[in-house]
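Chain residues, written in single-letter form:
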Amino acid sequence: MFDATVVATAAITGGVGLAAALIQARTSWRQMDAERDRHTADAVTQRRTDRQQAYLLALDLLTDFGWDAGLRRYNVVEAFNKPFLHAANRVRLYGSPAAIAAIASIQDGFAALNDADGDPTIASAQELISQGMDDFANAARDDVGPRPEDALKDAYFPPGLGPSATNA
């Protein structure tokens, strides 16, 4: 004879065990998805921080150059060229395409300034540098500036680096 109670008990026990295993597997998959999403978000945040630091260093060096270049004791190679090349390389590694293009424009302007042999070519080189600096500031703000989730109030700001202290 056959005992239905034993078979039913075994079937129910097996079903419960299978259901528990499926629930556990689904929970594990969700935990893995959540962990992967967290790691991705952390990586995105770190890359944004890296870009911010690269942009800030380049902007600080350009600002210092603008203020100090006319001083007699200013050593442009030690105080600007080497640190700026380091900053430019960081922008090339971490920066947005617009920021990289702006840095290239700034460096083209400095190369033109080094080769300049008269007032018109000096003015042209300085304009290229100035435009590159404005483009760089705009690219940096677009890339790592305020986000909608920051919930900041809208405010007008002049594009670029704003008015030059030498033109004021």
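Cut-offs applied
- Residues numbered from 1 in each chain as written.
- Predicted model: local features only at pLDDT ≥ 70, side-chain atom pairs only at ≥ 80, totals over all residues.
- Heavy atoms only, no water.
- Helix = DSSP H or I, 4+ residues; strand = E, 2+ residues; numbered from the N terminus.
- Rg over C-alpha atoms; globule rule 2.2 N^0.38 Å.
- Contact = heavy atoms within 4.5 Å.
- Buried < 20%, exposed > 50% of the residue type's maximum accessible area, 1.4 Å probe, protein only.
- Expected span 1.5 Å × (residues − 1).

## Section: the overall build of the protein chain
Part 1 of the reasoning: Counting secondary structure elements, the protein chain contains 4 helices and 0 strands.
Part 2 of the reasoning: Along the chain direction, N to C, the helices and strands of the protein chain fall in the order α-α-α-α.
Part 3 of the reasoning: A globule of 168 residues ought to have a C-alpha radius of gyration of about 15 Å, yet the protein chain, at 30 Å, is considerably larger.
Part 4 of the reasoning: When its C-alpha atoms are laid out on the principal axes, the protein chain stretches across 110 × 35 × 25 Å.
Part 5 of the reasoning: Taking as baseline every contact in the protein chain between residues at least 6 positions apart, the subset at least 24 positions apart corresponds to 58%.

## Observations concerning unusual backbone geometry
Part 1 of the reasoning: Despite not being glycine, Ala151 shows a phi value in the positive range, around 55 degrees.
Part 2 of the reasoning: Locating Ala151 in the fold gives a position in the segment after α4 (119-144).

## A look at the environment of Thr49
Part 1 of the reasoning: When you line up the elements, Thr49 lands in helix α1 (residues 4-68).
Part 2 of the reasoning: For Thr49, a relative accessible area of 31% translates into the label partly exposed.

## Topic: the environment of Phe84
Part 1 of the reasoning: By secondary structure assignment, the location of Phe84 is in helix α2 (residues 76-94).
Part 2 of the reasoning: The spatial distance from the C-alpha of Phe84 to the C-alpha of Gln131 is 17 Å, given a sequence separation of 47 residues.
Part 3 of the reasoning: Setting aside anything within four residues of it in sequence, one finds Phe84 in contact with Ala58, Leu61, Leu62, Ile103, Ile106, Gln107 and Phe110.

## Some details on α1
Part 1 of the reasoning: A rise of 1.5 Å per residue sets the reference length of α1, with its 65 residues, at 96 Å; its end C-alpha atoms lie 95 Å apart and thus fit the reference within 8%.
Part 2 of the reasoning: Every buried residue belonging to α1 is among Asp50, Arg51, Ala54, Tyr55, Ala58, Leu59, Leu61, Leu62 and Phe65, and all of these are buried.
Part 3 of the reasoning: Among the structural elements, α2, α3 (97-115) and α4 are those in contact with the buried residues of α1.

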